Amino acid sequence: MQLTLWSYEGPPHIGAMRIVASMEGVHLVLHAPQGDTYADLLFTMIERRATRPPVTYTSFQARELGGDTAELVKTSVGEAFERFKPRVLLVGEACTAELIQDQPGALARGMGLPVPVLSLELPAYARKECWGANETFYQLVRGLLKPRVPEAGRHPEPRPADRRPRANLLGPTALGFRCRDDVEEVTRLLASVGVDVHVVAPLGATPEDLLRIPEADFNVCLYPETADQTCLWLERMFGQPTVKTVPIGIGATRDFLDEVGRIAGIDVTDAKSPISSRMPWYSRSVDSTYLTGKRVFIFADATHAVAAARMCAEELGFTVVGIGTYAREFARDVRECAKRYGVEPLITDDYLEVEKRATELQPELMLGTQMERHIAKRLGIPCAVISAPVHVQDFPARYAPQMGFEGANVIFDTWVHPLMMGLEEHLITMFREDFEFHDAATASHLGSRVGTSRPAEGGSESQSAAEPADSPVDSPVQADASTVIWAAEAEQELKKIPFFVRGKARRNTERFAAEQGIQTITVETLYDAKAHFGR
Amino acid sequence: MSVQQLGRVSAAGDALPVVVRERGQRQVFCGLAGIVWLHRKIQDAFFLVVGSRTCAHLLQSAAGVMIFAEPRFATAILHERDLAGLADCNAELDRVVAEVLERRPDIGTLFLVGSCPSEVIKLDLAKAAERLSGVYRGRVRILDYSASGLETTFTQGEDACLKALVPELPQLPSGERSLLVLGTLPDVVEDQFARLFAELGIGPVHFLPPRRTTEFPPLGSGTKVLLAQPFLGETARACEARGASLLTAPYPFGAEGTLGWLRAATEAWGVTGEVLDAVTAPAIARAQRGLAHHRASLAGKRISFLPDSQLEIPLARFLRRECGMELVEVGTPFLDRQLMAEEMRLLPEGVRLTEGQDLERQLDRLREDRPDLTVCGLGLANPLESEGLRTKWSIELVFTPVHGFDQAADLAELFARPLRRAALLRV
Ligand code: SF4
Ligand code: SF4
């Protein structure tokens, strides 16, 4: 038993739903009680999908237990088939059905439907959402393509010289982070080096599209969390190589192009610095100097966490002070990455541990999921969202990819925005004695709302799932009710520190004093603390 | 499934509407969703669901992930090894409870909430609550109820929770009388009702659930029970079993419903109709002024309710009689004929009333009917909007103050807003 307040991932059948909701022409019959139908709202409210996920829930009740739940499965399968006419039918069970063991997959198979019926094993008491998505996609691709696997030892035909190389983009799903725009951006990126995208799956794919996967020269594993098993199998069975670099960030995008070039046998040099790639110059421009060494804590799925760490360190000049993931299946990648930056990796699905680590680290920026947004809000730390799970505001109307050169532009804007603009920071420092620049004056973009006190914590409890989040920039936390005392001159000195870092200076000094057993904070202590924390 | 219209069942009396019962796929929350508002109301209670990752995910989705304070609910998620043996499972539960109570020393009552998985593996939470009560006696009260989707639909979770509180209520000394109002009401509404009862000379008045579990109301044969929510049948019957008597009334939605509801109490207390009229006249006038604003957008518009919260029938009555809407179909997940008797009388003859759900067929009817407004759950709202149907999410009806005279206009506004918006948009 595990005590859970908030969770990063749903059960594995939610992963299966993400696959079928991404596709057309497939339908999932889920053996589950009525309450499990809540899952539809994730797709229709959070992602604002205009159609219900193609899922039929058997909705069994207590009175059917031990009696006709099996019959209910058959009726549900029959009716779902009649109504939705899927070209592939999947059958799975949610947690409760797993316990009553009706074998819905076998029941459905026995019905002699004229389409492929795939039975999913989704161990609800051992696995989670990403695993379920990965497994479902794999079962689907394998189930459809198995009859077409060439005999062992038969290699794929080389690409005719007059045909452009073809790639499949595998892994984007419903409820994924920015998948829609990443697909478009990577398609453009590949077009820029003369590669055609053949099949995108599961997002927007039909069963027939899946059958065309082997016609491409290679696969791009866009989201390993959902597609690595599939790519591996295709590599083994069809000899299709996999491009494994995930093109998030300038460096990774260039590496991605190199990898594509190597696999496709083409020259990609000209595509590596398009004029639309503004991020490198923005990062080099003088106003970005203030970004140097900003301390960042990253917690996300493995792919986005690792990519973010590289961007932070190499492309924005931040300092990675912590990194972690909730995706245990991919923990190894994050551990390796943590080693590279000399930090302790945090592998957990308990958001309280993440909060604890964030509190200890006191980063200047948090990059995370919806959950970290809330942690950051509580701690008064600027935050940007970089990975699922996300909320409604992370499905923007505008084009906002994370991948490729445009993705890097977008990321520069979104990560730097919560930090104060350099020029503004200088101005405030310059005018800090000016009567108009004081703690109570609010930043220009915040309007007059934040100057007054914000609603108490918990004030936004029990908002419904679709309500928008608060602004990404949050008010600083209240000063600690600490036992240490501030000497009058120290207090005066503190007031000379620009207000937007004053809260932090106060906290750090008090922490330093507490650690050193200092009772009264003097000007001396203030500067000792400053030296101690190195800023 | 198939067209499982289990016969046409006529509700008591001939003039009453005919109810069509349906079975099939549903699109509703299970009773766990009630925790979202119950934990806000009972401020010293903690709800520990013993269930699966699905249950945790449902709670989180129903609450919205917008809560950034540490919530007073959590899930003890069962893992593979918990399924191996019940002895270990109980030991694990004790450990998790200890962890919760250590984190939250401010908790007065801990509810162990059963789910589908805990029921199927026959984990006896009543026994566990008893065992743990022994351990934490004098410090924390430990109760249990089941909100599993096998047995409860959405608001029935509150019924199960309140029913678990009934045995805890102190005895009302014989010879004394009191009014007990059942059902979670926002504090502001509760205070309005308390003032009205005081002006009417009715008292003492208590509310269940209380704001804190240290303030349990008494219960006994002198207790008159008045339901503020229509979905509390089990709790009402548990109160009756302890000698209390149930007042029959419509539910306090709209001016008419609220007046009828108060009248039931005045009659029980022997307060005259003149007093009732005098006390309520200003509030009724205010409600009517407020309603007038929205009647223009609502009158003559056709509305359908998909089965969800059991509030459908009282709300349909309000929207028809006070806002002039036309009822196309009124679906309810479960129809308690006894508790709904007064409301059914106020529905027009021939209204299409359905109990239970067979989702796809219901949607077929909806597409055929094309009402101006459909009340439905969050999962269905956007897909229906994309088909050109205007919708109102039902979950707001249990989160927002909608009871009583002074909220009548707000209640109407909830339904008028999507229609006004549809009229505005040119995109
Ligand atoms: S329906 Fe059952 S399994 Fe599903 S969330 Fe509700 S209690 Fe949990
Ligand atoms: S103060 Fe506002 S406008 Fe200026 S950088 Fe910060 S967020 Fe942007």
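Thresholds, definitions, all that
- Residues numbered from 1 in each chain as written.
- Chains lettered and ligands numbered in written order.
- Predicted model: local features only at pLDDT ≥ 70, side-chain atom pairs only at ≥ 80, totals over all residues.
- Heavy atoms only, no water.
- UniProt positions renumbered as here; feature names shortened; annotations may be inferred.
- Helix = DSSP H or I, 4+ residues; strand = E, 2+ residues; numbered from the N terminus.
- Buried < 20%, exposed > 50% of the residue type's maximum accessible area, 1.4 Å probe, protein only.
- Contact = heavy atoms within 4.5 Å.
- Areas by Shrake-Rupley, 256 points an atom, 1.4 Å probe, with all protein chains shown as cover.
- Disulfide = S-S within 2.5 Å.
- Pairing = 2+ DSSP bridges.
- Axes fitted to C-alpha atoms, helices over the stretch in contact; angles between N-to-C directions.
- 1 Å grid on protein atoms, 1.4 Å probe; cavity = no way out; pocket = protein on both sides within 12 Å on 5 of 7 lines; lining within 4 Å.
- Points joined across faces, edges and corners; volume = space filled by probe spheres on them.
- Nonpolar A, V, L, I, M, F, W, Y, C, P; charged D, E, K, R; others polar.
- Salt bridge = Lys/Arg side-chain N within 4 Å of Asp/Glu carboxyl O.
- Polar contact = N/O pair within 3.5 Å; in protein donor to acceptor, adjacent residues only side chain to side chain.
- Near = heavy atom within 4 Å.
- Domains from an automatic or database assignment.
- Phe/Tyr/Trp six-rings, centres within 6.5 Å; stacked < 30°, edge-to-face > 60°.
- Lys NZ or Arg CZ within 6 Å of the ring centre and 35° of its normal.
- Expected span 1.5 Å × (residues − 1).
- pLDDT = per-residue confidence, 0-100.

Naming follows an unreviewed UniProt entry, where chain B appears as Light-independent protochlorophyllide reductase subunit N of Thiocapsa roseopersicina. Entered under Catalytic activity (unreviewed entry) in the UniProt record, the comment concerning chain B runs "chlorophyllide a + oxidized 2[4Fe-4S]-[ferredoxin] + 2 ADP + 2 phosphate = protochlorophyllide a + reduced 2[4Fe-4S]-[ferredoxin] + 2 ATP + 2 H2O". The record in UniProt for chain B states the following under Pathway (unreviewed entry): "Porphyrin-containing compound metabolism; bacteriochlorophyll biosynthesis (light-independent)."

In the nomenclature of an unreviewed UniProt entry, chain A is known as Light-independent protochlorophyllide reductase subunit B of Thiocapsa roseopersicina. What UniProt states about chain A under its Function (unreviewed entry) heading is, verbatim, "Component of the dark-operative protochlorophyllide reductase (DPOR) that uses Mg-ATP and reduced ferredoxin to reduce ring D of protochlorophyllide (Pchlide) to form chlorophyllide a (Chlide). This reaction is light-independent. The NB-protein (BchN-BchB) is the catalytic component of the complex." On record in UniProt, under Sequence similarities (unreviewed entry), the comment for chain A is "Belongs to the ChlB/BchB/BchZ family."

*Asks:* Go over the overall build of chain A, please, and point to the residues and values.
*Replies:* From N to C terminus, chain A includes 20 helices and 16 strands. Within chain A, the fraction of its 535 residues that count as buried is 57%. Partitioning the contacts of chain A with sequence separation of at least 6, the portion at a separation of at least 24 is 72%. About 22,300 Å² of surface is accessible on chain A, with carbon and sulfur atoms providing 52% of the total.

*Asks:* Please set out helix α6 (residues 156-165) of chain B residue by residue, giving values where relevant.
*Replies:* For α6 of chain B, a buried count of 9 out of 10 residues is recorded, marking the element as mostly surrounded by other parts of the structure. Its buried side turned inward, α6 of chain B meets α1 (35-41), β3 (45-51), β5 (109-114), β6 (141-146), β8 (205-208) and α8 (233-241) of chain B.

*Asks:* Break down the state of the cysteines for me, with residues and values.
*Replies:* With the rule as written, the count across this model stands at 0 disulfides over all chains. A disulfide-free cysteine, C312 of chain A has its sulfur positioned 9.7 Å from the sulfur of C337 of chain A, the nearest such atom. C312 of chain A gets classed as buried once you look at its relative accessible area, which sits at 0%. Its sulfur unpaired, C376 of chain B is 18 Å from the next cysteine sulfur, which belongs to C30 of chain B.

*Asks:* Give a detailed account of the sheet that holds strand β14 (residues 383-385) of chain A, specifying residues and quantitative values.
*Replies:* All names here are of chain A. Pairing is parallel across the open sheet formed by 5 strands, whose spatial order is β12-β11-β10-β13-β14. The two strands at the open ends of the sheet, each matched to only one other strand, are β12 (345-347) and β14. Between one strand axis and the next, the sheet turns through 15 degrees on average, direction left out of account. Note that strand β10 (residues 295-300) and strand β11 (residues 319-325) share 6 bridges and pair parallel. Pairing of A300 across the sheet is with T325, part of β11. Sheet contacts for helix α12 (residues 302-315): β10, β11 and β13 (365-368); angle to β10, the most-contacted strand, approximately 165 degrees. Sheet strands touched by helix α15 (residues 370-379): β10, β13 and β14. Its angle to β14, the strand with the most contacts, is close to 170 degrees.

*Asks:* I'd like to hear about empty space enclosed by the protein, residue by residue, with values.
*Replies:* Counted according to the given criterion, the structure contains 11 cavities of 30 Å³ or more. As a volume, the largest cavity reaches approximately 440 Å³. Lining the largest cavity are 35 residues, and of these E129, L175, A388, P389 and V390 of chain A sit closest to its centre. The set of elements that each furnish at least two residues to the lining of the largest cavity consists of α1 (12-22), α2 (40-46), α6 (129-145), α9 (224-238) and α15 of chain A together with α2 (53-63) of chain B. Of all the elements, α2 of chain B adds the most residues to the lining of the largest cavity, at 3 residues. Taken together, the residues that form the lining of the largest cavity break down as 17 nonpolar, 13 polar and 5 charged.

*Asks:* An account of the interface of chain B and chain A is requested, with residue identities and associated values reported.
*Replies:* Listed per partner, the contact involves 70 residues of chain B and 75 residues of chain A. Applying the counting criterion to the chain B and chain A interface returns 5 salt bridges. Salt-bridge contacts for R361 of chain B lead to E79 of chain A; the nearest nitrogen and oxygen are separated by 3.9 Å. Put simply, chain B and chain A have 25 residue pairs in polar contact (both at pLDDT 80 or more) between them. Only α1, β3, α2, β4 (73-77), α3 (86-103), α4 (116-120), α13 (359-369) and α14 (378-386) of chain B provide two or more residues apiece to the side of chain B that touches chain A. If one sorts the elements of the side of chain B that touches chain A by residue count, α3 of chain B sits on top with 8 residues. Among the residues forming the side of chain B that touches chain A, the class breakdown is 36 nonpolar, 19 polar and 15 charged. Where strand β1 (residues 2-4) of chain A lies against β4 of chain B, 3 bridges are found, and the strand directions are antiparallel. The residue of β4 of chain B that forms the bridge with Q2 of chain A is I77 of chain B.

*Asks:* How would you sum up the layout of surface pockets? Please name residues and give values.
*Replies:* All names here are of chain B. Taken as a whole, the second largest pocket encloses approximately 730 Å³ of empty space. In this structure, the second largest pocket is lined by 20 residues; those nearest its centre are N382, E385, T391, W393 and R421. Among the elements of the structure, α14, β15 (391-393) and α16 (408-424) are those that each provide at least two residues to the lining of the second largest pocket. Take the lining of the second largest pocket: its biggest share by element is 5 residues, from α16.

*Asks:* Hey, could you go over the UniProt feature "binding site: [4Fe-4S] cluster" (unreviewed entry) in chain B for me, with residue numbers and the actual values?
*Replies:* As annotated by UniProt and renumbered to match this structure, "binding site: [4Fe-4S] cluster" (unreviewed entry) occupies C30, C55 and C116 of chain B. Spanning 87 residues, the named residues nonetheless gather at one spot, since no C-alpha pair among them exceeds 9.7 Å. Structurally, C30 of chain B can be placed in the loop between β2 (18-22) and α1. If sequence neighbours within four positions are ignored, C30 of chain B has contacts with G35 of chain A together with L58, A147, S148, G149, T152, T153 and F154 of chain B. Inspection of the secondary structure assignment puts C55 of chain B in helix α2.

*Asks:* Go over the site of ligand 1 with me, naming the residues and quoting the values.
*Replies:* With respect to spatial proximity, 14 residues lie near ligand 1, and among them G35 and D36 of chain A together with C30, C55 and C116 of chain B are the closest. Here the residues of the shell around ligand 1 are counted per class, giving 8 nonpolar, 5 polar and 1 charged.

*Asks:* Break down the domain arrangement of chain B for me, citing the residues and quoting the values.
*Replies:* Partitioning chain B into domains gives domain 1 (3-26 + 274-425) and domain 2 (31-152). With centres defined by C-alpha atoms, the gap from domain 1 of chain B to domain 2 of chain B works out at 33 Å.

*Asks:* Let's hear about the packing of aromatic side chains: which residues, and what values?
*Replies:* Going through the model one piece at a time under the given rule, you end up with 12 aromatic pairs over all chains. Ring centres of F111 of chain B and Y145 of chain B lie 5.8 Å apart, and the angle between their planes is 75 degrees; this geometry places the pair in the edge-to-face category. With F111 of chain B in strand β5 and Y145 of chain B in strand β6, this pair connects stretches of sequence that are 34 residues apart. The exposure classification of F111 of chain B matches that of Y145 of chain B, with both residues buried. Through a chain of ring-to-ring contacts, the aromatic side chains of F29, W37, F154 and F399 of chain B assemble into a single cluster. Across from the ring centre of W486 of chain A, 5.2 Å away, lies the NZ or CZ of R506 of chain A, which sits over that ring.

*Asks:* Requested: an account of the pattern of salt bridges, with residues and values cited.
*Replies:* Tallying each qualifying case throughout the model produces 56 salt bridges over all chains. Close ionic contact of R188 of chain A with E184 of chain A constitutes a salt bridge, the shortest N to O distance being 2.9 Å. Taken together, the residues R188 of chain A and E184 of chain A, both in helix α7 (residues 179-192) and 4 residues apart, mark about one turn of the helix. Taken together, the salt bridges that share partners define one network made up of E22, E329, R352, R365 and D369 of chain B.

*Asks:* Tell me what's going on with helix α10 (residues 250-264) of chain A, and back it up with residues and numbers.
*Replies:* Residues and elements named next belong to chain A. In this model, α10 (15 residues) spans 21 Å end to end at C-alpha, consistent with the 21 Å of a helix rising 1.5 Å per residue. All buried positions along α10 are accounted for by I250, G251, A252, T253, F256, L257, E259, V260, G261 and A264. Tucked inside the fold, the buried residues of α10 contact α7, β8 (218-221), β9 (242-243), α11 (279-284), α12 and α16 (404-416). A positive phi of about 65 degrees marks G265, the residue just after α10.

*Asks:* Lay out the confidence of the model for chain A with the relevant residues and their values.
*Replies:* The pLDDT averaged across chain A works out to 88; a share of 87% of its residues lies at or above 70. Per-residue pLDDT stays below 50 along residues 441-482 of chain A; that stretch engages in 68 contacts with residues further than four places along the chain or on separate chains.

*Asks:* So, the sheet that holds strand β6 (residues 166-170) of chain A: which residues are in play, and what are the values?
*Replies:* To summarise the sheet geometry, strands pair through backbone hydrogen bonds and adopt either a parallel or an antiparallel arrangement. Residues and elements named next belong to chain A. With respect to topology, 4 strands assemble into an open sheet ordered β7-β6-β8-β9, the strand pairing being parallel. This sheet does not close on itself; its edge strands, each paired only once, are β7 (196-201) and β9. Here β8 runs beside β9; their pairing, made up of 2 bridges, is parallel. By the bridge assignment for β9, V220 is matched with V243. Contacting β6 and β7, α7 crosses the sheet at an angle of about 160 degrees to β6.

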